[in-house]
Structure formats: C-alpha cells, structure tokens
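Here's the letter readout for the chains.
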Amino acid sequence: MRMFLSLIKLKRFLLMNELPEFRALGISDELIPALLAKNFQTPSTIQTLAIPLLLSGEKDVIGQALTGTGKTAAFGLPVIQTIQPGKVPQALILAPTRELSIQIADELKSLSGNKPLRIVPLYGGQLITIQMDELKKGVDIAVGTPGRIMDLHRRGRLQLDKLQFAILDEADEMLDMGFIDDIREILSLTNPDKRMLMFSATMPQEIMDIAAEFMRPEYEIAQAGNQSATNTDLTEQYYHEVKREHKLDALMRLIDANTELYAMVFCRTRADVDEVTEKLNAKGYRVEALHGEISQAQRLRVINGFKKRKFPLLIATDVAARGIDVNDLTHVINYSLPQNSDIYIHRIGRTGRAGRHGVAVSFVTPGERRKLKFIEKDIKSEIPQRKLPEISDIIEAKKQLFSENIALLLETGDASEYLNFAEELCTLGSHPAEALAAVLKMHFKNELLPESYQEFGTRQKADESNMKKLLLFAGRANGLTVPDLLREIGDRTGIRSTQLGKIICRADKTFINAEPNDAEKILKAFRDDKQWHFKYDELREKREADKKRKTPDTKPPKKKKVKTHKPLREEFFKWIAESE
Ligand code: ADP
Ligand code: MG
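Residues numbered from 1 in each chain as written. Chains lettered and ligands numbered in written order. Predicted model: local features only at pLDDT ≥ 70, side-chain atom pairs only at ≥ 80, totals over all residues. Heavy atoms only, no water.

**Focus: the sheet that holds strand β2 (residues 91-94)**
Phase 1: Here we have seven strands laid out as an open sheet, ordered β3-β4-β2-β5-β6-β1-β7, and parallel in their pairing. Two strands close off the open sheet at either side, each with one partner strand: β3 (119-122) and β7 (220-223). On average, adjacent strands in this sheet sit at an angle of 15° to one another, irrespective of strand direction.
Phase 2: Where strand β1 (residues 61-64) and β7 come together, four bridges link them in parallel fashion. For V61, the partnering residue across the bridge sits in β7 and is E220. (Pairing = 2+ DSSP bridges. Helix = DSSP H or I, 4+ residues; strand = E, 2+ residues; numbered from the N terminus. Axes fitted to C-alpha atoms, helices over the stretch in contact; angles between N-to-C directions.)

**A look at the nonpolar core**
One recurring pattern in soluble globular proteins is that nonpolar side chains are buried together.
Phase 1: Ranked by size, the top nonpolar core spans 39 residues in total, and within it L77, L108 and I141 carry the most contacts.
Phase 2: Broken down by secondary-structure element, the contributors of at least two residues to this core are α3 (32-37), α4 (45-56), α5 (71-82), β2, α6 (98-112), β4 (141-144), β5 (165-168) and β6 (195-200).
Phase 3: With six residues, α5 is the single largest residue contributor to this core.
Phase 4: Those residues in contact with L108 that lie beyond four places of it in its chain are T72, G76, I80, I93, I119, I141 and V143. (Core = buried A, V, L, I, M, F, W, Y, C linked by side-chain atoms within 4.5 Å. Buried < 20%, exposed > 50% of the residue type's maximum accessible area, 1.4 Å probe, protein only. Contact = heavy atoms within 4.5 Å.)

**Brief notes about the sheet that holds strand β15 (residues 503-505)**
Adjacent strands of a sheet pair through backbone hydrogen bonds, lying either parallel or antiparallel.
Phase 1: Here four strands make up an open sheet; going across it, the order is β15-β16-β14-β17 and the pairing antiparallel. With partners counted over all chains shown, the strands left at the sheet margins are β15 and β17 (534-536), one partner each. Looking at each pair of strands side by side, their axes are set apart by 25° on average, direction ignored.
Phase 2: Here strand β14 (residues 468-472) runs beside β17; their pairing, made up of three bridges, is antiparallel. From the neighbouring strand, L472 faces β17, where its bridge partner is F534.
Phase 3: Sheet strands touched by helix α21 (residues 482-493): β14, β15, β16 (510-514) and β17. Its angle to β15, the strand with the most contacts, is close to 130°.

**A look at unusual backbone geometry**
The general pattern is negative phi for most residues beyond glycine and trans for most peptide bonds.
Phase 1: Positive phi outside glycine occurs at R309, with the angle close to 60°.
Phase 2: With respect to the secondary-structure elements, R309 resides in the loop between α14 (296-307) and β11 (313-316).
Phase 3: Backbone geometry places K445, a non-glycine residue, at a positive phi of 50°.
Phase 4: Inspection of the secondary structure puts K445 in the loop between α20 (432-444) and β14.

So yeah, pure geometry; function would need other evidence.
Structure below.
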C-alpha cells in the first residue's frame, strides 16, 4: 500500500517536472496531461511568443507564423486555460472553411484533455437543426464559418455578447475569400470588452487594416521570425528552368525520379490545377486536385485521402491549400512561381519540418528569372539552379527501390511461399537469371528501358495515328516557314505547337497532323482565307488506309527466331557453391 502511494507521489512529482518549457510560459498543471498525450515536447516559436501574451496580458493580439507551426495551440491553450465551463459561449473562433472549423475544434478538444469544455464546430453544409440541438446542450467555445455563425445568431441560438475572446483564425485567408463584411457584422454583435485575437500565416496590409478597425489600439504582435530563414533551414531549395510547354514533362520526371514522393504541387489558377491533374491521371499517376470550385464533400475526401497518403501528390491553388494541416511533405513543387515571396515561404513551409529534410523545387520559365531574383532577395537566401533528372536517373531510382524491396523481402523471408514455383521457373531458361529477367519483363514491361522514355523537349510523337492530316497549298516557295505557320495557327485558334503532330513543309505544299478536334478548328479559322487555304489531305489518308489493309497479306509471316543458349546453368550453380 505504501509502495502504491509513493508510486502516485512519484508520478505526480514526475508530472510536475514534465514539459518545463510549456510551464515556463504559464501553462498550468491541468493542461499538461493533454500535451503529453499529444506528444508536444517543446512549444513552437509562435506558441512561445503568444502564450505568455495571452495568459498574462489583457491586450488584443495578432499572431503570425507559417502554416503548420501550431497557431491553433498558440491561442487555444490560453483560451482553454482561461475560460471555465459555463452555458453561453465565452470564445468565438471564426475560420474560413468547414474542414478548418472541424480541424480547429478537434485540436482544441484534444488540448483540453479532461477539462469539461464544450467545443462545437458550426459550419454550412450540415443540417442547421443538428447544430441547433448541439448548441442547446451548451457551448463554451464556438468554432465556425462566418455564414453559419451569423445564421445561428439570427435564429437566436448563439449568444455572442458574453465573449472573453473573439478570434479570427487564418485571417488572411478569410480576407482572400471575401468574408470581410460578414466578419464586420459578427464582430459588431459581440461585447466590446472581449479580447480580440487574429492569427494568420501572412501579414499583408489588409490584416493591419483589419486590426486598426477592430482591435483596441495598443494591440500586440507575436511574429514568429521574419517569415524566412528560420523555417527553411531543413529545406533544400532549387529551381529548374523549364519552358511553359515542358512543365508537365518536367513534373513527370520529378515524380518518376523520386520514388518516395509525398508532395504538393502549386499552380496559379484553377484551370492549371485541372489540366495538370487530368493529364497526370491520364498517364496513370495517382494525383488529386484541390481548388475553390471543388465541392465541400469532395474537398474533405481529398484532404483526408492525402493525409492518409492514399495518393502521393496533391495539385492545388494557394487559396485552396491554405490552412490544411499537412506538413510532412517530402517535396513542395512550385509548378508556377508564386506572385510574391510571402506565398513562396508559405508554400515551402510545408516541407522540411520536424527535423526531416525537405525539398522545394520551383519551375521557372526563362521569362521569370527576374521574378525569381526578387524572391531570392526577399527571403534572403539563394535558390540555385539544378538540372532536371535524366532518364538514366529515373531508371536508376526505380531499380534502386525495387532492389531495396527485394532485399527486405529476402531478409524477412516473406517470399518463401513462392520458393517452389521459383525453382520450377528457373528450369525454364538455361540459366536462372533468364527466368528472373522474364519475370522482370512481365513486371516492368518497358518501364526500365531508356527507349520507352520520351526525350525531354521533343514534341510528343504519340498518337499520330489518330490525327487528321491537313494540307495547305503553300510552302517554302511562297516564303512560308514552320514558325510563321505555327504562330498564325496559334493566333487564330489558340492551339499550341506542342498539341500538333508532325509538320512537313515542302516547296509548294505543307502537311500538318492535328487531333481531329484541332483540325476542325484550324479549318474553320482559315476557311475564308485565300492565302491560307487548308483542306483535309484525303489522298494521304486514303493511301495510308490502303497500305494498312494490304500489310497483313503482303508481308511474309515473321520467322520465329530460335535462340541458342549457352549452357550457363552449370556455371551458375558452381558460382553459388563457391560464394557460399
Ligand atoms: P497552424 O495553424 O499554424 O497551421 P496547427 O495549429 O494546425 O498549425 O498545427 C499543426 C500541427 O502541429 C498539428 O498537428 C498540431 O497538433 C501540431 N503541433 C502544434 N504545436 C505543437 C508542438 N508544440 N509540438 C508538436 N506538435 C505540435
Ligand atoms: Mg491554423
């Protein structure tokens, strides 16, 4: 019994000495077990700065730190520690999206441990009656999107005039999403003596304007570093110079060369996100898209799937990706350079975390070198240029991964079920390596052969067979050049040269291969132009069709090559015996 008591004492003593850094900030005993359970060892910079301000001061606070640096706990812990379970909301947290509301509420619930606070997420898209029922049971911390918060308040279900804290989380994103009027209206409904907090990944002028409008004048700012250096230490940054039309190829090379990739790819526009996603999917890569036009249900599904690593690549716009709590990426890929260095820092802050090495790769078009220089100057670090992975690198990476996996299987002996079958297969060739080579061929098809990769920068040779052939009765003798032709087609139809197939410019004629749709477009665009008179090249098509029809019976059947094998089998076994 005595031993039992002293064990309890010992435990209490140990607990008292746990997490000294959090305690030094003013975090009370009550919250320590929850922090231990969440395995928070040391406070992040923003937590170190903001927690004491919030626990000991009275002032309003702006907190700025990169995504993934624990802003939720930075305001959440002081709020949880300060308020007591009651009936009416004492803290209101406004967040830009439904899943952020849920994420914040979940984080706060886990941080509050055994303290019986009611924390309720409130957002559009869920039946309002369900949330009204929840609120009836009482609420201490309401977390929600502006629209739904306002709706619930109008229905008399959410009291907003007994607040100790009103918090704008991801404030910059809320502004981007145009919530300013809603925010203004909601804040006007709250009691003026509350503390107002604003947390944000970036601090553009608009945030300072909001602070001037809503906060008491002597507000404080907790800023985690100057947004740059500190957070990029573990992140290797470099860029590839890539022409716009080669970006997709470049991306595929990166994916192929990095077998363990877990990355976000940032594009400038929604259309880019869709295009990249569709094209990669068409090539068999598992990627998903995230942008503003995607339904909430789909968004949640995509984010959760990505967090669980169900697919390794997420293509996103900045706004859609903001606030999403995925930070352990191996790579951040800037498919398009961001508009400014804040966004750059924000993007690449998602990799190189928690002591792990990360890579931030940017695609820079020749015209964007100046923009890159500005970013380098702003973030005070150099971003060197690298060559894109070569085809041989990609093949090497794939072989390496495969070999490692085989070695692992051999170590664990997990492949022993197949040993009998393997022995059987080995007798098929005249050498076991031959059988193995055949197995590899079945597994990899042509994947590890350099010939199956397209040389970078060459026009896609694929699928010319489905293309329509256009004929133009003009050629070099008329002063026509291929670049002129491409420019003219581009100007009139928007079709880029990379979308077209082979072009042959003769003295008096020019042939162009184009996808049927594009061919139709070109015909239409030039229809009434005497100088550029395109028509379908039916003659060539007919000739080719004839050729195809004739091929089978004109060609003699292929003779099967009979290979003669050297008797390697014996030598092989001798080798095994010797090396044993
Ligand atoms: P932000 O709002 O700054 O983007 P979050 O509050 O969403 O970041 O936190 C990102 C992740 O880091 C969460 O999973 C959170 O639980 C975790 N986290 C926060 N603070 C710490 C800490 N001190 N130690 C370890 N993990 C932490
Ligand atoms: Mg956050």
